[in-house]
2 protein chains.
Amino acid sequence: MDEWKYENAPQLRDLFSRFAKSDWRKLTRWSIKASEVRLLLAIKESHGSCSDAGGMTVSDLSKLLQVTSPTVTQMINNLIKNDYVIRSIHPGDRRVAEITLTDKGEQIAQEAGELFTQLFNGLIDHLGKEQSDQLIALLEQVFQYFEQVGKEQL
Amino acid sequence: MDEWKYENAPQLRDLFSRFAKSDWRKLTRWSIKASEVRLLLAIKESHGSCSDAGGMTVSDLSKLLQVTSPTVTQMINNLIKNDYVIRSIHPGDRRVAEITLTDKGEQIAQEAGELFTQLFNGLIDHLGKEQSDQLIALLEQVFQYFEQVGKEQL
DNA sequence: CTAAATAAATAGGTTGCCTACCTAATCAAA
DNA sequence: TTTGATTAGGTAGGCAACCTATTTATTTAG
């Protein structure tokens, strides 16, 4: 009885395996690392929605990208070296670094934003609006499930 | 008009980002690397379906796991060192290494197989049979889309 | 027999993180 | 004001998961 219910589990696993292996985030075309592109994009997108003209902090970026702050620091160091971002000290709290995009960094972030927008708009076209909404609903549940399982593992 | 169509693209991207960041394959509990567990499992699952009692070749594993053969070799070297697999020369073609599981390796593969089966059966429970079938159909299309985009990038 | 193709191994490299630990600055309590 | 605790970020080293370049040995094809 239950065997019929789980007949597609292997297929599901195969699919998720294939997904794990491919990473759309690697679909980039710039001379910097994919992770660094994501950081530039994160700065641009948050800066845009932030009414005060300051930059991003390391902690903010760390939370947003879900990586540790030393990871962010090291990315930033490399991006500074190649003139994509600028680091300055926050006037009100000297512990805090403010990270802002240079024009060069802005350019890449802009392009990356467009690329990803195009990518996911294309996916919606490919699936159709209704199906893509459905996919969202389903994936939310999948994510929830994996998170729950992850917790139980600890 | 089209803007309404793409209103959920950011959400889709966010979801895919979260998925990219988490990796169910890491949900393991053994003292070897997740990638190595996968290799052991691949051996067990293919060996089971293979009517001749020989082991797996490096090429086979490479194709199955979608990694290069040097990657497989190095994994195997480590697994040999820790007594999870045995390498022998194929009697009919001395270029070919045959990789078989030790009892120890068999044990881990067995457990991993059960863990993943449980994981995906649990997902089907979580979603319901109908929804999980739907997810499969949708993900097939998503995968198709990303593959196509990946090709166009080159 | 010889050259090309094949299978696998070795070595070195990159990316994407993480942890351990440290310094400097800020905050809170005495 | 001083002191201890907390916070923010930086540095260094390490690991996992691959990849590429190259080499060696074996097999195949002409």
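For the structure itself, look to the data block above.
The structure reproduced in this document is the subject of the present report. The structure presented is a predicted model; accordingly, all values stated were derived computationally and were not measured.

## Here we look at the relation of the copies chain A and chain B
Here two copies of a chain appear, and what relates them is a rotation about an axis with a shift along it.
Turning to step 1, where the next piece is worked out: Superposing chain A onto chain B requires a rotation of 180° together with a translation of 0.0 Å along the rotation axis, leaving an RMSD of 0.1 Å. Overall, the copies show the geometry of a two-fold rotation axis.
Turning to step 2, where the next piece is worked out: Here 100% of the contact residues of chain A are again contact residues in chain B; the copies associate through an equivalent surface.

## Some thoughts on the interface of chain A and chain B
Interface size, as often reported, equals the accessible area lost upon joining of the parts.
Turning to step 1, where the next piece is worked out: Taken together, the 60 residues of chain A in the interface contact 60 residues of chain B.
Turning to step 2, where the next piece is worked out: Both sides of the chain A and chain B interface together cover about 6,300 Å² of buried area, and 67% of this is carbon and sulfur.
Turning to step 3, where the next piece is worked out: Together, A:Arg13, A:Phe143 and A:Tyr145 form the three largest contributors to the area buried by chain A at its contact with chain B, with a combined 11%.
Turning to step 4, where the next piece is worked out: Residue A:Asp125 is joined to B:Lys5 by a salt bridge in which the shortest nitrogen-to-oxygen separation is 2.8 Å.
Turning to step 5, where the next piece is worked out: Ranked by residue count, the leading element in the side of chain A that touches chain B is helix H7 (residues 129-153) of chain A, at 20 residues.

## A few points about the protein's contact with DNA strand D
Turning to step 1, where the next piece is worked out: Lining the immediate environment of DNA strand D, one finds 25 residues, of which A:Ser59, A:Thr73, A:Arg87, B:Arg38 and B:Arg94 sit closest.
Turning to step 2, where the next piece is worked out: One of the backbone N or O atoms of A:Val58 is found 3.3 Å from a phosphate oxygen in DNA strand D.
Turning to step 3, where the next piece is worked out: One of the side-chain N or O atoms of A:Gln74 is found 3.0 Å from a base nitrogen in DNA strand D.
Turning to step 4, where the next piece is worked out: Looking at the surface near DNA strand D, the elements that each hand over two or more residues are helix H4 (58-65) and helix H5 (69-81) of chain A together with helix H3 (34-49) and helix H5 (69-81) of chain B.
Turning to step 5, where the next piece is worked out: The dominant element in the surface near DNA strand D, judged by the number of residues it contributes, is H5(A), at four residues.
Turning to step 6, where the next piece is worked out: Counted by class, the surface near DNA strand D contains seven nonpolar, nine polar and nine charged residues.

Conventions we followed
- Residues numbered from 1 in each chain as written.
- Chains lettered and ligands numbered in written order.
- Predicted model: local features only at pLDDT ≥ 70, side-chain atom pairs only at ≥ 80, totals over all residues.
- Heavy atoms only, no water.
- Least-squares fit on C-alpha atoms with pLDDT ≥ 70 in both.
- Contact = heavy atoms within 4.5 Å.
- Buried area = accessible area lost by both parts, 1.4 Å probe.
- Salt bridge = Lys/Arg side-chain N within 4 Å of Asp/Glu carboxyl O.
- Helix = DSSP H or I, 4+ residues; strand = E, 2+ residues; numbered from the N terminus.
- Near = heavy atom within 4 Å.
- Polar contact = N/O pair within 3.5 Å; in protein donor to acceptor, adjacent residues only side chain to side chain.
- Nonpolar A, V, L, I, M, F, W, Y, C, P; charged D, E, K, R; others polar.

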